[in-house]
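Residues per chain are reported as follows:
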Amino acid sequence: MINAPLDDAVAPSENDSKLALESSRRLAPYVDDNLRVEIPEKGRRREALTIPAAAVRLLIGILTEMSRGNAVTLIPIHAELTTQQAADLLNVSRPFLIKLLEKKKLNYRKVGTHRRILFKDLMGYKKRSEVGRRRALDDLAADAQKHKMGY
């Protein structure tokens, strides 16, 4: 289970946001490349370090969000969330989330009397529900056009 990553979100200062914007712009051309950087070692010469392309993509994403003033946190895909953490990530109430679990719309496991939801399952549910919402909106728009409602 994780508590710290959700609770330790990093909110950027105004100066951090400006630096993040510049950094993300400068790193953007390297989004699909391993990135070789040199870092100064205290009291010694510079040491070369290679950052994998996947980490470069994550870093650019983090910097982009920070440049917008958004707080950022990293959550491992295998992390288990409490029902409150899951509800917060979905931006729903905890009782609403519990109903989703009871209707088996979202996988979970019990640890004693507590429910735990895998982050990857939560993100899968979120993606499915967004697709469903988008489809419903498309259907409503098509129906409105069919009936010449001015949309």
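Residues numbered from 1 in each chain as written. Predicted model: local features only at pLDDT ≥ 70, side-chain atom pairs only at ≥ 80, totals over all residues. Heavy atoms only, no water.

Caption draft 1: Structural view of the packing of aromatic side chains. Counted according to the given criterion, the structure contains zero aromatic pairs. The side chain of Arg-115 reaches across the aromatic face of Tyr-108, ending 6.0 Å from its centre. (Phe/Tyr/Trp six-rings, centres within 6.5 Å; stacked < 30°, edge-to-face > 60°. Lys NZ or Arg CZ within 6 Å of the ring centre and 35° of its normal.)

Caption draft 2: Up close: the nonpolar core. Counting residues in each nonpolar core, the largest one holds 15 residues, and the members touching the most others are Ala-86, Leu-97, Leu-106, Ile-117 and Leu-122. Not counting chain neighbours up to four residues away, the residues in contact with Ala-86 comprise Leu-81, Leu-97, Ile-117 and Leu-122. With eight residues, the next largest nonpolar core counts Ala-20, Leu-35, Val-56 and Val-72 among its residues. (Core = buried A, V, L, I, M, F, W, Y, C linked by side-chain atoms within 4.5 Å. Buried < 20%, exposed > 50% of the residue type's maximum accessible area, 1.4 Å probe, protein only. Contact = heavy atoms within 4.5 Å.)

Caption draft 3: Structural view of the pattern of salt bridges. With the rule as written, the count across this model stands at five salt bridges. Residue Arg-115 pairs with Glu-102 through a salt bridge whose shortest N-O separation is 3.8 Å. You can see Arg-115 sitting in strand E5 (residues 114-118) and its partner Glu-102 sitting in helix H5 (residues 94-102), a full 13 residues away along the chain. By relative accessible area, which is 51% here, Glu-102 ends up exposed. (Salt bridge = Lys/Arg side-chain N within 4 Å of Asp/Glu carboxyl O. Helix = DSSP H or I, 4+ residues; strand = E, 2+ residues; numbered from the N terminus.)

Caption draft 4: Seen up close, helix H3 (residues 53-67). Along its 15 residues, H3 runs 21 Å from first to last C-alpha, staying within 8% of the 21 Å computed at 1.5 Å per residue. For H3, the full list of buried residues reads Ala-53, Val-56, Ile-60, Leu-63 and Met-66. Each buried residue of H3 sits inside an arc of 135° when the element is viewed along its axis, so together they form one side. Tucked inside the fold, the buried residues of H3 contact helix H2 (14-27), strand E1 (35-40) and strand E2 (46-51). (Expected span 1.5 Å × (residues − 1). Arc of directions from axis to C-beta.)

Caption draft 5: Molecular detail of the pairing of E1. Relative to E2, E1 runs antiparallel, the two sharing six bridges. The residue bridging Ile-39 from the neighbouring strand is Glu-47, located in E2. The loop that links E1 with its antiparallel partner E2 comprises five residues; one of these, Gly-43, has a positive phi angle of about 75°. (Pairing = 2+ DSSP bridges.)

Caption draft 6: Geometry of the packing of helix H4 (residues 83-90) against helix H6 (residues 119-146). Relative orientation of the contacting elements H4 and H6 amounts to 35°, with a least axis distance of 11 Å. In this structure, H4 crosses over H6, and the sense of that crossing is right-handed. Along the contact surface, H4 presents Ala-86, Leu-89 and Leu-90, while H6 presents Phe-119, Leu-122, Tyr-125 and Lys-126. Each residue belonging to the contact of H4 with H6 can be placed in one class, and the counts come to six nonpolar, no polar and one charged. (Axes fitted to C-alpha atoms, helices over the stretch in contact; angles between N-to-C directions. Left-handed = near helix turned anticlockwise from the far one by under 90°. Nonpolar A, V, L, I, M, F, W, Y, C, P; charged D, E, K, R; others polar.)

Caption draft 7: Quick peek at the packing of H4 against H5. At a minimum axis separation of 9 Å, H4 and H5 run at an interaxial angle of 105°. The angle between the axes of H4 and H5 places the two elements in the roughly perpendicular class. Here Thr-83, Gln-84, Ala-86, Ala-87 and Leu-90 of H4 come into contact with H5, specifically with Arg-94, Leu-97, Ile-98 and Leu-101. Here the contact of H4 with H5 is composed, by residue class, of six nonpolar, two polar and one charged. (Parallel < 35°, antiparallel > 145°, perpendicular 65-115°, else oblique.)

Caption draft 8: Examining H6 more closely. With 28 residues, H6 extends 40 Å between its outermost C-alpha atoms, agreeing within 8% with the 40 Å of an ideal straight helix rising 1.5 Å per residue. Burial in H6 covers these residues: Phe-119, Leu-122, Tyr-125, Ser-129 and Ala-144. Summarising the contacts, the buried residues of H6 are in contact with strand E3 (80-81), H4, H5 and E5. Following H6 by one or two positions, Lys-148 has its phi on the positive side, about 50°.

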